[in-house]
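Structure assessment
Single-letter residue listing:
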Amino acid sequence: MPRVAILGAGPIGASIAQRLAERSRVADVLLIDDNGSLAQGKALDLMQTGPIDGSDTRLAGGADSLSAAGADVIVFADDTATGPWDGDRGLQLVGRLVRAGATAPFVFAAPSQFSHMETAAGELPLSRDRMIGTAASALEPMVASLVNIELGRT
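Residues numbered from 1 in each chain as written. Predicted model: local features only at pLDDT ≥ 70, side-chain atom pairs only at ≥ 80, totals over all residues. Heavy atoms only, no water.

Here we take up the sheet that holds strand 3 (residues 58-62). As summarised here, the arrangement of the six strands in space is 3-2-1-4-7-8, forming an open sheet in which the pairing is parallel. The strands lining the two open edges of the sheet, one partner per strand, are strand 3 and strand 8 (131-133). Neighbour-to-neighbour, the strand axes of the sheet open up by a mean angle of 20 degrees, direction not taken into account. Across the face of the sheet, helix 1 (residues 11-23) comes into contact with strand 1 (3-7), strand 2 (28-32), strand 3 and strand 4 (73-76) while running at roughly 165 degrees to strand 1. (Pairing = 2+ DSSP bridges. Helix = DSSP H or I, 4+ residues; strand = E, 2+ residues; numbered from the N terminus. Axes fitted to C-alpha atoms, helices over the stretch in contact; angles between N-to-C directions. Contact = heavy atoms within 4.5 Å.)

Below you can see the structure in the form of structure tokens.
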């Protein structure tokens, strides 16, 4: 079973960790945050609900972002102190993980990370096939197009 590293123990990262643990689809979830003790605490809380949820997923927390390099999937979520991993800070982290030998797909879970994905694809030796995003910015135009089709305004 795969191992997932989630960068950021904020609301987005913690929710993803909880859902993965509830579904028992992964063996390990590593919750990584600049505030390592907070990430460890959230991981412990989630792991303690495992017997209630019927989950045997192992959860751990820490502060070393490079520990994500060996994961099967790396999720960029939201750090508790600074928010989503985007901009130069996020790009530097992606670069460090690529240089550390990470071969996993990168999932950009925060809506604000769309431009970050584009920059990473253009500036780093990272295949676009390894990047997955939420594409929340595409939702509004898609809904507008569907409404116009239904109203016959195409």
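The rest of the description comes next.
Bringing the confidence of the model for the protein chain into the picture now. The predicted model of the protein chain has a mean per-residue pLDDT of 82, with 82% of residues at 70 or higher. Mean pLDDT values over the elements of the protein chain span from 60, in helix 6 (residues 139-150), up to 95, in strand 2. (pLDDT = per-residue confidence, 0-100.)

Where a strand is regular, its side chains alternate between the two sheet faces. Examined bridge by bridge, strand 1 and strand 4 share four bridges and lie parallel to one another. Counted as the bridge partner of Ile6 is Val75 from strand 4. Where strand 4 meets strand 7 (residues 106-108), three bridges bridge the pair, whose relative direction is parallel. Bridge pairing links Ile74 to Phe106 in strand 7.

This part is about the pattern of salt bridges. Side-chain pairing between opposite charges can occur once the charged atoms of the two side chains come close. For the coordinates displayed, the defined rule picks out four salt bridges. The salt bridge involving Glu22 is made with Arg19; its shortest N-O contact spans 3.3 Å. One end of the pair, Glu22, and the other, Arg19, are both in helix 1, three residues apart, so they sit about a helical turn from each other. Through salt bridges with shared partners, one network takes in Asp34, Asp79 and Arg89. (Salt bridge = Lys/Arg side-chain N within 4 Å of Asp/Glu carboxyl O.)

Inspection of the secondary structure puts Asp78 in strand 5 (residues 78-79). The buried charged residue Asp78 lacks any salt bridge partner; its closest oppositely charged side chain belongs to Lys42, at an N-O distance of 7.4 Å. Within the local environment of Asp78, its side chain forms a polar contact with the backbone nitrogen of Ile12, the two atoms lying 3.0 Å apart. Not counting the four nearest positions on each side in its chain, Asp78 is found in contact with Leu7, Gly8, Ala9, Gly10, Pro11, Ile12, Gly13, Asp33, Gly83, Pro84 and Trp85. (Buried < 20%, exposed > 50% of the residue type's maximum accessible area, 1.4 Å probe, protein only. Lys, Arg positive; Asp, Glu negative; His and termini not counted. Polar contact = N/O pair within 3.5 Å; in protein donor to acceptor, adjacent residues only side chain to side chain.)

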